Amino acid sequence: MSGIVCPIRGGPASRPTIDRAIALAQESGLPIYFLFVLNLDFLMHTMHTQTGTISRELRELGEFILLTAQTRAEAAGVEAEGIIREGDTVREEIAALSREIDADYVVMGRPREAQDTNVFTHAMLELLSEELEAETGATVIFAGEQPA
Amino acid sequence: MTKRGTLRISLGVVALAALLLLARSSAALASEGRQEDAADQRILTGFVHDEQDQPVPGAIVVAREPAADAPLAEGESQDDGRFTLAFPPDVTVGPDLTIELARPHFAETSVRLEPETLSELQAGQPAVMEDVVLVRRITPAFWIATFVFLLMLVLIAMGSIHNTLAALVGASLLYAVSYLGPLINEDLFIFDFSRSLRYVDWNVIFLILGMMIVIAVVERTGIFQWAAFMAYRLSRGRLWLLVIILMIIAGVASAFLDNVTTMLLMTPITIQIALSLSMNPLALLMPEVFASNVVGISTLVGTPTNILIGSFADISFSDFLVNLTPGVLLAMVGLIVYCQFIYRDELKTPGESAGLSPLLLERLEERGRIRQPGHLRKAAVVGAGMIVLFVLGENFHLVPAVTALMGATALLVWIRPDIEEMIEAVDWTTLVFFIALFIAVGAVQEVGLISFIATGIGDLVGTNLALAMVAVVWLSAILSTVVANIPFTAAMLPVIGFLTATIPGAESKVLFYALSVGSAMGGNGSLIGASANMVTAGIAERAGSPITYVYFLKRGFPALIITVALATIWLFIHFF
């Protein structure tokens, strides 16, 4: 098995990432595996621990977001699959899926602004890229604009 | 149910019945004993209060002759500050009899009886002594309890550990100081375990517990998702209308269920609708969460802060409806206008759902379907019954906690869900948070911090009720943007109680309504102002639409100003 792993969250920032993954899939003929990571650590800041309900709702939301991306990929004539994973860190889930499918590429979004509260900071991107490539053998590509 | 389960329940019932019988017989025996003793004893009664005229419970009262080593009589002041000393018949009451009063966190006091009182006592008649004032003393325990309470608030605000853990850390530190501190210095004592439990408001705990079970049943029916999808259908691509309908849905739901659950269930479907319409999800989510925080205070059960206030000040379900709902509606109108203005760019273009693929549309419709129509019908019947009991219950002293428990039980019996699943759905972490919070607030009450704050505010506002009301509304609104509003409200209740007792005209409980308005609407002022904000932001961030602290502040703080100002106008119109 081989393909392109494309972790997304669904907002406007994910559009260039999805487009880049679709373009790459059209060039290489590889399928895309869109990945949505469920992570409930924000509950730490509230009293609520209704993890069952929140997990179910977020899963539904994740499935919808993945379906949106799949629909766009299929409209572009690209084979695509949506995968939801639960995990504490997005990085580990990307690495795990890349190893599982023996991914050729990982296409990720780049934070739009330096102060954006993204999962990854700019300082971490280079290091992350090197680590993922070493760990999985896949080529890491960042989509979106280069920060100023 | 298994045989083992039935046996366990039967054993439980038998044990409970035995305990009740035992308690009843020992109470009867004790009562008989007291009646026999009272017949041949001289009784001295009195009342002890602090400098703010508040009763002081738990003061040890001792009657002593200066020359004698052993006390003649001993007693303890009760919750209402009253105490009784029973002198044995063989004891001679001399002219130098003194009454000594001692209580942690107060200066020890001894008083001599007035001649008339002494004569009555010596003549074997029941006597009532003059009221005694105990003066507060700042001990090392005062500083430690204050520090621990502030530490707990900071830990909650920082979010570095879970709120419940922060509250438990606070309560445990207070116990550790209370039990181990006196080994070094007896002034480190704050309170003992049994006294600390007297600060826990079980009405609040059981009301929240009952409502949690009801919510657990309702949330599984899919009513929230259905309502949001209907808003999408009804608006037919008119985004300004969609926002208004979603705000009304979030508001009405928050008035009867807690805000966090409302936003937890509304946020994912709202994001899906926004994605379907190719619009910014925050233009829908922010107005929804603002409405949830504002309209929640219309009823007793709409927010945890109202539950706290209602229980403390004996404000009923219908009292909240009558005294706050018109103000809330006024604030809601202002909020709708404000949201239409700040998101005018996002809302002016018609939604582009035409581009939605049939697969995605089918998925959205599927999400917007009622999942358990039978359960929803039953929940509606029970919910209506609960509202009737909430409204009418005060006429026959039915406390809201009992109504909530009865409603929850009726729902469980009627629907017969998996009972273990339902019990798991109860958010025990929240209940533990409330218990630990009550203990922490009790500690700062015990050492006198609340009393000093109340006196300070009382000195500032004097007897001007209007000034006091404005101060309470705006102070609590502004502070709720930086301090979690539940611990803040819990700490403010005794302060408001003091102001209500001392300011002429405040018996209308206007200051409690002011606290309700300020602490709930203040939640809109910042991201950390309310749990519903944090849950909404957490889900939105995971869906790629982060709500940063600054983003929320820029849009939320003006919302706070508008809604609190309108609610303040209502309070003026209604109470003055």
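Residues numbered from 1 in each chain as written. Chains lettered and ligands numbered in written order. Predicted model: local features only at pLDDT ≥ 70, side-chain atom pairs only at ≥ 80, totals over all residues. Heavy atoms only, no water.

Caption draft 1: Quick look at a negative patch on the surface. Residues and elements named next belong to chain B. Taken together, the side chains of D53, E114, E116, E120, E130 and D131 present a region of like negative charge at the surface. Here D131 is to be found in the loop between β7 (127–128) and β8 (132–133). Overall, D131 belongs to the partly exposed group, its relative accessible area being 48%. (Patch = residues over 30% accessible without salt bridge, like charges linked within 9 Å, V, L, I, M, F, W, Y side chains within 5 Å. Areas by Shrake-Rupley, 256 points an atom, 1.4 Å probe, with all protein chains shown as cover. Salt bridge = Lys/Arg side-chain N within 4 Å of Asp/Glu carboxyl O. Lys, Arg positive; Asp, Glu negative; His and termini not counted. Charge placed at Lys NZ, Arg CZ, Asp CG, Glu CD. Helix = DSSP H or I, 4+ residues; strand = E, 2+ residues; numbered from the N terminus. Buried < 20%, exposed > 50% of the residue type's maximum accessible area, 1.4 Å probe, protein only.)

Caption draft 2: Quick peek at the pairing of strand β5 (residues 139–143) of chain A. All names here are of chain A. Among the 5 residues that make up β5, 4 are buried, leaving the element largely enclosed by the rest of the structure. Two strands pair when backbone bridges link them, and strand β4 (residues 105–109) and β5 are joined in this way by 5 bridges, in the parallel orientation. If you follow V107 over to β5, its bridge partner there is I141. (Pairing = 2+ DSSP bridges.)

Caption draft 3: Local environment of empty space enclosed by the protein. All names here are of chain B. The full count for this structure, using the stated rule, is 2 cavities of 30 Å³ or more. When its volume is computed, the second largest cavity comes out at roughly 30 Å³. In this structure, the second largest cavity is lined by I297, L324, G327, V328, V517, M521, A567, W570 and L571. Listed by contribution, the elements that provide at least two residues to the lining of the second largest cavity are α12 (317–342), α22 (510–521) and α24 (549–575). Partitioning the lining of the second largest cavity into residue classes produces 8 nonpolar, 1 polar and no charged. (1 Å grid on protein atoms, 1.4 Å probe; cavity = no way out; pocket = protein on both sides within 12 Å on 5 of 7 lines; lining within 4 Å. Points joined across faces, edges and corners; volume = space filled by probe spheres on them. Nonpolar A, V, L, I, M, F, W, Y, C, P; charged D, E, K, R; others polar.)

Caption draft 4: Focus on a nonpolar patch on the surface. Residues and elements named next belong to chain B. Taken together, Y179, L180, L183, I184, F193 and L197 make up a surface patch of nonpolar side chains, about 690 Å² in accessible area. Within the residue set of the nonpolar patch, elements represented by two or more residues are α4 (163–180) and α5 (193–197). Inspection of the secondary structure assignment puts L180 in helix α4. Judged by its relative accessible area of 54%, L180 falls in the exposed class.

Caption draft 5: Seen up close, the packing of aromatic side chains. Residues and elements named next belong to chain B. Taken as a whole, this structure holds 15 aromatic pairs over all chains when the rule is applied. Measuring from ring centre to ring centre gives 5.8 Å for F433 and F434, while their planes differ by 85°; the resulting arrangement is edge-to-face. Each member of the pair, F433 as well as F434, carries the same accessibility label: buried. Pairwise contacts between aromatic rings join Y175, F191, F193 and Y199 into one cluster. For the cation-ring pair, R344 lies above F341, with the distance from its terminal atom to the ring centre recorded as 4.2 Å. The ring of Y551 has R555 sitting right over it, with the charged end atom 3.7 Å from the ring centre. (Phe/Tyr/Trp six-rings, centres within 6.5 Å; stacked < 30°, edge-to-face > 60°. Lys NZ or Arg CZ within 6 Å of the ring centre and 35° of its normal.)

Caption draft 6: Structural view of the confidence of the model for chain B. All names here are of chain B. With 91% of its residues at a pLDDT of at least 70, chain B reaches an overall mean of 86. For residues 1–16, every residue scores under 50 in pLDDT, and the model assigns this stretch 2 contacts once sequence neighbours within four places are set aside. Of the two predicted TM-score estimates for the complex, the pTM is 0.78 and the ipTM is 0.80. (pLDDT = per-residue confidence, 0-100. Contact = heavy atoms within 4.5 Å.)

Caption draft 7: Here's a closer look at the confidence of the model for chain A. When pLDDT is averaged along chain A, the result is 82, and 80% of the positions lie at 70 or above. Here helix α4 (residues 122–136) of chain A is the element of chain A with the lowest mean pLDDT, 81, and strand β1 (residues 4–7) of chain A is the one with the highest, 93.

Caption draft 8: Seen up close, the packing of helix α10 (residues 282–295) of chain B against helix α23 (residues 531–542) of chain B. All names here are of chain B. For the pair α10 and α23, the least separation of the axes is 10 Å and the interaxial angle reads 165°. The angle between the axes of α10 and α23 places the two elements in the roughly antiparallel class. The hand of the α10/α23 crossing is right-handed. Within the contact between the two elements, α10 uses L282, L285, V289 and N293 and α23 uses A532, N533, T536 and A540. Its residues placed into classes, the contact of α10 with α23 shows 5 nonpolar, 3 polar and no charged. (Axes fitted to C-alpha atoms, helices over the stretch in contact; angles between N-to-C directions. Parallel < 35°, antiparallel > 145°, perpendicular 65-115°, else oblique. Left-handed = near helix turned anticlockwise from the far one by under 90°.)

Caption draft 9: Main features of the sheet that holds strand β2 (residues 60–64) of chain B. Residue and element names in this part refer to chain B. Strand order in the open sheet formed by 4 strands is β3-β2-β5-β6, with antiparallel pairing between adjacent strands. Looking at the sheet topology across the chains shown, the edges are occupied by β3 (73–76) and β6 (109–112). Looking at each pair of strands side by side, their axes are set apart by 20° on average, direction ignored. Judged from the 4 bridges that link them, β2 and β3 form a sheet pairing that is antiparallel. Looking across to β3, one finds that V62 is bridged to E74.

Caption draft 10: Spotlight on helix α7 (residues 223–235) of chain B. The end-to-end C-alpha separation of α7 of chain B is 18 Å, in line with the 18 Å expected for 13 residues at 1.5 Å each. Looking one or two residues past α7 of chain B, R236 of chain B carries a phi angle of roughly 45°, positive in sign. (Expected span 1.5 Å × (residues − 1).)

Caption draft 11: Layout of helix α15 (residues 373–392) of chain B. Residues and elements named next belong to chain B. For α15, spanning 20 residues, the distance from its first C-alpha to its last is 29 Å, which sits close to the expected 28 Å at 1.5 Å a residue. Among the residues of α15, A379, V382, M386 and F390 are the ones counted as buried. The arc that holds every buried residue of α15, seen down its axis, measures 90°, which confines them to one face. Relative to its buried face, α15 has exposed residues pointing more than 90 degrees away, namely R377 and V381. At its buried positions, α15 is contacted by α6 (202–219), α12 and α16 (400–415). (Arc of directions from axis to C-beta.)

Caption draft 12: Seen up close, the environment of G82 of chain A. Residue and element names in this part refer to chain A. Relative to the elements of secondary structure, G82 occurs in strand β3 (residues 80–86). On the accessibility criterion, G82 (30% relative accessible area) is partly exposed. For the pair G82 and D104, spaced 22 residues apart in sequence, the C-alpha to C-alpha distance is 17 Å. Each residue touching G82, except ones within four places of it in the same chain, is listed here: F34, L66 and Q70.

Caption draft 13: The packing of helix α8 (residues 239–256) of chain B against α10 of chain B, seen in detail. Residue and element names in this part refer to chain B. Between α8 and α10, the least distance of the axes is 8 Å, while the angle of their chain directions is 35°. Considering the relative orientation of α8 and α10, their crossing is right-handed. In contact with L242, V243, L246, M247, A250, G251, V252, S254 and A255 of α8, α10 contributes A283, L284, P287, E288, A291, S292 and V295. Taken together, the residues that form the contact of α8 with α10 break down as 12 nonpolar, 3 polar and 1 charged.

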